[in-house]
Amino acid sequence: MEGQSGDITVTSANRKCSAVTGSARKIKDNAADWHNLMMRWEKLNEEGFNVAGNIVNMRLTRSQSDQLLLVDESSSPSSPSSAPSQQTGGAAELQDECCKLQDVVDKMVAVVTKMERLVTSQRGVQDLEEFQFGPEGRKFPLFHSWNTKHFEESSRVLLESFRQELKLKQLILQEVAHTATSDLCMVYLSCWLHQPFTPPQTRLTLEALLLETGHRPL
Amino acid sequence: MSKPALLPLHQALRKSFQCLENNQKVWSSVLVECSPLMVSLGNLAEQWRALSNVQLSNTPLRDFPDLEERLRFKLLQATDTVLGKLNEKMSSLQSVRDSISNQVSAVFQLYEQNSDSLDLLTVTERSATAPSLSDMLEWLQDAERHYRQQFLRRKTLLQALRADDLSLLESAPERWKSLESPSAEDGITDTLCKVSLFIESQ
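Residues numbered from 1 in each chain as written. Chains lettered and ligands numbered in written order. Predicted model: local features only at pLDDT ≥ 70, side-chain atom pairs only at ≥ 80, totals over all residues. Heavy atoms only, no water.

1. Brief notes about the overall build of chain B
Let me state the cut-off plainly: Numbering of helices and strands runs from the N terminus; a helix is a DSSP stretch of H or I covering at least four residues, while a strand is a stretch of E covering at least two. Here the globule rule is a power law, 2.2 Å times the number of residues to the power 0.38, and the radius of gyration is based on C-alpha atoms. The buried label goes to any residue with under 20% of its type's maximum accessible area, the exposed label to any with over 50%, and the partly exposed label to all in between, with areas taken from a 1.4 Å probe on protein chains only. In what follows, residue pairs with any heavy atoms lying within 4.5 Å of each other are defined as contacts. Method for areas: the Shrake-Rupley scheme with a 1.4 Å probe, in which residue coverage is limited to the protein chains shown.
For chain B, the helix and strand inventory stands at seven helices and zero strands. Across chain B, helices and strands are ordered from the amino to the carboxyl terminus as α-α-α-α-α-α-α. For chain B, whose C-alpha radius of gyration is 24 Å, the value lies well above the compact-globule estimate of 17 Å for 202 residues. By its C-alpha atoms, chain B is 90 × 25 × 25 Å across when sized along the principal axes. Looking at chain B as a whole, 44% of its 202 residues qualify as buried. In chain B, the share of contacts with a sequence separation of at least 24, taken over all contacts with a separation of at least 6, comes to 83%. Carbon and sulfur atoms form 50% of the exposed surface of chain B, whose accessible area is close to 11100 Å².

In structure tokens form, the structure reads like this:
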């Protein structure tokens, strides 16, 4: 578990925590997992953006050539020979890209599922603490200053952002290959790329979590 | 017949041309770095335009509360980031302009101080290794003017850009490109060629 976070330095917080209780160990591991999951999400986001971009390009070129085809057919009764094969070739490629995008979204679903497990695990730590120390929780924080409830809240906030983001991406996946207007296609791409439901606070929350648990040096 | 004023003046001119040569390179490389930023700006402008053309409530995106507001915020952030980076590049361009301006004004000051002892013949005399004083001063003045104007135009273009003025953003990349002045740049390269022997000789 230590290896995953990569840049752990041994500080007094580290030493104190790994000696003290299993809860601290669990929270610290969760923080590392959050970091890794968010990195994975970013990579998938980038990959998905490229694929979605391809889909949009293919879709728009196709609708353009559809229109050209109609014009040709109306002006001359003999249909152009090369166009139909181009059409079917295009359709297969479009299908391919859609499958790739589906694949990316499936992987994102897996990431969010793991995030849900992290929140559940955090809830477990919280429950245990309430059982051991009563509703107020433990007197001294496990790390620097956050009480255990804070960890749970941070995790829930992170999870909610990613859940919403995933819903948005699932919609984009459904719609992007069928959208005819280039403006709406562009909006879908913007939504995918800029991730409107993960505000900058998300990144800051993660950094705060890593700082608190000692994964980042203070 | 050698004039005592000539030697320091020639030294100053050499220094100026060396300064010009170095700064020309810096200027070019900064402009090259600006290109991808301008492309990003154009992309963002396209995205803004598309968003303003679409009524989200008529699309499947209506199911997402405050999506438009959130997306606008993100686009704003991205636009501000690009504009910030462009401003940083402007600082570099300003340094180039300042270096050249300072150097050239120092040379001209030296010339003014000694102009009494420099008659027309001396000033227009050229040799195999050195162009005439008047030519060299003229070339430096031209170069200084070029960078001064370029900086001013580019800075003015960028200053006017706001994330909420879409048409300005959309036209920015093209207007930026139109500021390129290859003939002036070539002129400076030419100048540096003409003075290369002069710079090397002592």
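2. Quick word on the environment of Gly22(A)
Looking at the secondary structure, you find Gly22(A) in helix α3 (residues 22-75). Through-space distance from the C-alpha of Gly22(A) to that of Val125(A) is 9.3 Å; in sequence the pair is 103 residues apart.

3. Brief notes about the interface of chain A and chain B
So the rule is basically this: Summed over both partners, the accessible area lost on bringing two parts together, with a 1.4 Å probe, is the buried area. Each reported salt bridge corresponds to a side-chain nitrogen of Lys or Arg within 4 Å of a carboxyl oxygen of Asp or Glu. Each polar contact in these results corresponds to two N or O atoms within 3.5 Å; when the atoms are within protein, one needs to be able to donate a hydrogen and the other to accept it, and residues that are neighboring in sequence are counted only if both atoms are side-chain atoms. Note on residue categories: nonpolar means Ala, Val, Leu, Ile, Met, Phe, Trp, Tyr, Cys or Pro, charged means Asp, Glu, Lys or Arg, and polar means any other residue, Gly included.
On the chain B side, the residues contacting the 19 residues of chain A number 21 residues. The junction of chain A with chain B conceals about 1800 Å² of combined surface from both sides, 75% of it contributed by carbon and sulfur atoms. The interface formed by chain A and chain B holds zero salt bridges in total. Counting the contacts that link chain A with chain B gives seven residue pairs in polar contact (both at pLDDT 80 or more). The set of elements that each furnish at least two residues to the side of chain A that touches chain B consists of α5 (148-175) and α6 (182-194) of chain A. A per-element tally of the side of chain A that touches chain B places α6(A) first, with eight residues. In the side of chain A that touches chain B, the residues fall into 11 nonpolar, five polar and three charged.

4. Observations regarding the packing of helix α1 (residues 6-53) of chain B against helix α2 (residues 67-114) of chain B
Residue and element names in this part refer to chain B. Note the threshold: Structural elements are reduced to axes, namely lines fitted to C-alpha atoms, with helices fitted over the stretch in contact, and the angle between N-to-C directions of any two is expressed from 0 to 180 degrees. Orientation labels follow simple angle bins: below 35 degrees gives roughly parallel, above 145 gives roughly antiparallel, 65 to 115 gives roughly perpendicular, and whatever is left gives oblique. Should the near helix be turned anticlockwise from the far one by less than a right angle, the crossing is left-handed, and should it be turned clockwise, the crossing is right-handed.
Contact geometry of α1 with α2 gives a least axis separation of 9 Å together with a crossing angle of 165°. For the element pair α1 / α2, the angle class is roughly antiparallel. Once α1 is placed against α2, the crossing between them reads as left-handed.

5. Focus: the confidence of the model for chain B
All names here are of chain B. How we decide: Confidence scores per residue from the predictor, reported as pLDDT, run from 0 to 100.
On average, residues of chain B score 93 in pLDDT, and 98% of them are at 70 or above. When pLDDT is averaged over each helix and strand of chain B, the minimum, 88, is found for helix α3 (residues 120-124) and the maximum, 96, for helix α4 (residues 133-159). The ipTM, which scores confidence in the relative placement of chains, is 0.80 for this predicted complex, and the corresponding pTM is 0.81.

6. Remarks on the packing of α1(B) against helix α6 (residues 182-194) of chain B
Residues and elements named next belong to chain B. Contact geometry of α1 with α6 gives a least axis separation of 10 Å together with a crossing angle of 145°. Taken as a pair, α1 and α6 cross one another with a handedness that is left-handed. Together, Phe17, Leu20, Glu21, Gln24 and Trp27 of α1 and Glu185, Ile188, Thr189, Thr191 and Leu192 of α6 make up the contact between the two elements. Considering only residue class, the contact of α1 with α6 consists of five nonpolar, three polar and two charged.

7. Looking at unusual backbone geometry
Phi at Gln195(A) is positive, roughly 50°, even though this residue is not glycine. With respect to the helices, strands and loops of the structure, Gln195(A) is situated in the loop between α6 and α7 (200-212). Positive phi outside glycine occurs at Asp66(B), with the angle close to 40°. Among the structural elements, Asp66(B) can be located in the loop between α1 and α2.

8. With respect to the nonpolar core
Quick note on the threshold: To form a nonpolar core, buried Ala, Val, Leu, Ile, Met, Phe, Trp, Tyr and Cys residues must be joined to one another through side-chain atoms within 4.5 Å.
Counting 112 residues, the largest nonpolar core has Val187(A), Phe17(B) and Leu61(B) as its most contacted members. Setting aside chain neighbours within four positions, we find Val187(A) in contact with Ala50(B), Leu51(B), Val54(B), Leu56(B), Leu61(B) and Leu71(B).

9. A closer look at a positive patch on the surface
Residue and element names in this part refer to chain A. As a reminder, the rule being used: Nonpolar side chains (Val, Leu, Ile, Met, Phe, Trp, Tyr) are joined into patches within 5 Å and like charges within 9 Å, using only residues with over 30% relative accessible area and no salt bridge. Under the convention used here, Asp and Glu are negative, Lys and Arg are positive, and both His and the chain ends fall outside the count. To locate a charge, take atom NZ for lysine, CZ for arginine, CG for aspartate or CD for glutamate.
Taken together, Arg40, Lys43, Lys114 and Arg117 make up a surface patch of like positive charges. Of all the elements in the fold, those that place two or more residues in the positive patch are α3 and α4 (82-133). Following the sequence through the fold, lysine 114 ends up in helix α4.

10. Digging into the packing of aromatic side chains
Basically, it comes down to this: Stacked, tilted and edge-to-face are the three classes assigned to paired rings of Phe, Tyr and Trp, where Trp is represented by its six-membered ring and a pair needs centres within 6.5 Å; plane angles under 30 degrees give stacked, over 60 edge-to-face, the rest tilted. In this scheme, the term charge over a ring applies when either NZ of a lysine or CZ of an arginine sits within 6 Å of the ring centre and within 35 degrees of the ring normal.
Per the counting criterion, the structure on display carries five aromatic pairs over all chains. On the basis of an interplanar angle of 55° and a centroid distance of 5.1 Å, the ring pair of Trp146(A) and Phe151(A) is categorised as tilted. One exposure class covers both Trp146(A) and Phe151(A), and it is buried. Look at Phe197(A) and Phe64(B): their rings are 5.9 Å apart centre to centre, the planes differ by 45°, and that puts the pair in the tilted class. Taken together, the residues Phe197(A) in the loop between α6 and α7 and Phe64(B) in the loop between α1 and α2 connect one chain to another. Across this residue pair, the class does not change: Phe197(A) and Phe64(B) are buried. A network of ring pairs unites the aromatic residues Phe143(A), Trp146(A) and Phe151(A) as a single cluster. Positioned over the ring face of Trp192(A) is Lys169(A), at 4.5 Å from the centre of the ring. Arg14(B) extends its terminal NZ or CZ atom over the ring of Phe198(B), reaching a point 4.5 Å from the ring centre.

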